[in-house]
Every structure is written in structure tokens, then in C-alpha cells.
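As a plain string of letters, each chain reads:
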Amino acid sequence: MDPDEDLLVRAVREPTAFEPLVDRHSAALHGYLVRRAPTAADDLLSEVWLQAYATRHTYDIARGPARGWLFGVARNVLARHWQAVSRAAGGPQPPYETSVGDPWQAVDQRLDAAAAGTELRSALAGLPDQERELLLLVAWEQLTPTEAAAVIGIPAGTARSRLHRARARLRDGLSDTTLTNLTGDFA
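For clarity, every value in this text was computed on a predicted model and none was experimentally measured. (Residues numbered from 1 in each chain as written. Predicted model: local features only at pLDDT ≥ 70, side-chain atom pairs only at ≥ 80, totals over all residues. Heavy atoms only, no water.)

Engineer: Got a sec to walk through the nonpolar core? Specific residues and values, please.
Structural biologist: Counting residues in each nonpolar core, the largest one holds 48 residues, and the members touching the most others are L29, L33, W49 and L137. Among the secondary structure elements, those contributing two or more residues to this core are helix 1 (4-10), helix 2 (19-36), helix 3 (41-54), helix 4 (66-89), helix 6 (114-125), helix 7 (129-139), helix 8 (145-152) and helix 9 (156-173). For this core, the leading source of residues is helix 4, giving nine residues. Setting aside residues no more than four positions away along its own chain, L29 makes contact with L45, V48, W49, L70, F71 and A74. (Core = buried A, V, L, I, M, F, W, Y, C linked by side-chain atoms within 4.5 Å. Buried < 20%, exposed > 50% of the residue type's maximum accessible area, 1.4 Å probe, protein only. Helix = DSSP H or I, 4+ residues; strand = E, 2+ residues; numbered from the N terminus. Contact = heavy atoms within 4.5 Å.)

See the structure below:
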């Protein structure tokens, strides 16, 4: 099995080398999109793959793993989606489709106490956007801090310090009961 990075580099001159990337990463990218834009996730995933294929020549192996690059493409597609939603609604919209459905429902289902979901959503919403995104990329998408840094477009050291700060703020914003119920991804 060829490494993702080799496939992505080869795909520039050999388009069929791109196909295994779709097979390997569609589920993870779809999960990322569902948690952030549940009603548009399927369409957005298609757009992610179109954009990734069209811009495959921009991938630089020196900047990090292919998986991080793909999540970066997904993040850019989401940003354009939110901008379009904002324009259509005539004003700024939150970067999650809270008016359409509860994108945090998956968090609620992973917690033992129903009340902890509300508390966790509130604590996550209180984090600065970039810290929240880093935390979710690491906790939900299982990216390394270095991969998450590549997605956000910041140095790895900066990502690690912001991730540490986000975890500390989240711990400070949650009750002891909720902290006990968390699996450890956030705490």
C-alpha cells in the first residue's frame, strides 16, 4: 500500500493515483463535515474531493502529511459554505449550522449525563475560533497537533501551545462532574 503522500505527489502526473486517497479518507472527511454542517455534508464532501483533485499540484510534502492537507481543503470548502450561507441569510452566521440542527449531538451521545452536553457546547462555544477548531481537529478528527496546524495554517509549535491553552480553558469552563464523564479527548 502506497503512502498517501506518494499517491498525492504521483497524482499530478498519474490521475488514477488519486483514487485510493478518496477511499482512505472519505469517511473521516465526511465526519468532519457532518459535525460542522450536517445538512450540507454530502455536497460539501463532493466539493472537497473536486477541490483536492483540482489543486493536487499545490500539495507540498515538506509541509506535512497528505491527511492534514486534505483536512485543510475541507476547512476551506467549509469556510466558503459559511460565507455563502451568511450572504444568503443577509448577515453573519455561526460557523456551525445551529439553526438547522444540533451539530453537537454527537458530543451529547458520548457523554453519560444529558446535562453535560449543554455544558460542553457552551464551553466549546466560549473558546476562540482557532482554539476550538484545533481542539476539535485533534479530538474528533484524530489529527496530530502538527497535522491540525497544517489545516489551520499555523506553525506546529503555535498549534501545540494554543491546543494546550484550549484544553485548559475547557477544563476551567466545565464542572467536575462533566470532566469526570469526558473520555479524555478534551481533558
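Engineer: Go over the pattern of salt bridges, please, and point to the residues and values.
Structural biologist: In total, this model carries nine salt bridges according to the counting rule given. When the shortest N-O distance is used, the salt bridge between E133 and R36 registers 3.5 Å. In this pair, E133 sits in helix 7 while R36 sits in helix 2, placing the two residues 97 residues apart along the sequence. Residue R36 is classed as buried on the basis of its relative accessible area of 0%. Across the salt bridge formed by E131 and R165, the nearest N and O atoms sit 2.9 Å from each other. On the criterion of sequence distance, the pair formed by E131 in helix 7 and R165 in helix 9 is long-range, its members being 34 residues apart. Look at E131 and you get buried, because its relative accessible area is 5%. Classification of R165 as partly exposed rests on a relative accessible area of 34%. Through salt bridges with shared partners, a single network forms among R35, R36, E133 and E141. (Salt bridge = Lys/Arg side-chain N within 4 Å of Asp/Glu carboxyl O.)

Engineer: Help me get a handle on the packing of aromatic side chains, residues and values and all.
Structural biologist: With the rule as written, the count across this model stands at four aromatic pairs. Aromatic side chains F18 and W49 sit 5.8 Å apart centroid to centroid with 85° between the ring planes, which places their arrangement in the edge-to-face category. Highlighted residues: F18 in the loop between helix 1 and helix 2 and W49 in helix 3, separated in sequence by 31 residues. A relative accessible area of 5% places F18 in the buried class. You can call W49 buried: its relative accessible area is 10%. With centroids separated by 5.4 Å and ring planes inclined at 90°, the aromatic side chains of Y32 and F71 adopt a geometry described as edge-to-face. Taken together, the positions of Y32 in helix 2 and F71 in helix 4 put the pair 39 residues apart, joining distant regions of the chain. Above the face of the Y53 ring, R56 is positioned so that its terminal group lies 3.9 Å from the ring centre. (Phe/Tyr/Trp six-rings, centres within 6.5 Å; stacked < 30°, edge-to-face > 60°. Lys NZ or Arg CZ within 6 Å of the ring centre and 35° of its normal.)

Engineer: Requested: an account of the confidence of the model for the protein, with residues and values cited.
Structural biologist: Per-residue confidence for the protein gives a mean pLDDT of 84; residues scoring 70 or more make up 80%. Summarising per-element confidence for the protein, the mean pLDDT is lowest in helix 5 (residues 105-110) (48) and highest in helix 3 (97). Per-residue pLDDT stays below 50 along residues 97-105; that stretch engages in 20 contacts with residues further than four places along the chain or on separate chains. (pLDDT = per-residue confidence, 0-100.)

Engineer: Lay out helix 3 with the relevant residues and their values.
Structural biologist: If you check helix 3, its first and last C-alpha atoms are 20 Å apart, about what 14 residues at 1.5 Å a residue would give, namely 20 Å. For helix 3, the set of buried residues is A41, L44, L45, V48, W49 and A52. Looking straight down helix 3, one finds that the buried residues subtend no more than 140° of arc, so they occupy a single side. Structural note: helix 3 exposes D43 and L50 on the side pointing more than 90 degrees away from its buried face. In this fold, the buried residues of helix 3 make contact with helix 2 and helix 4. (Expected span 1.5 Å × (residues − 1). Arc of directions from axis to C-beta.)

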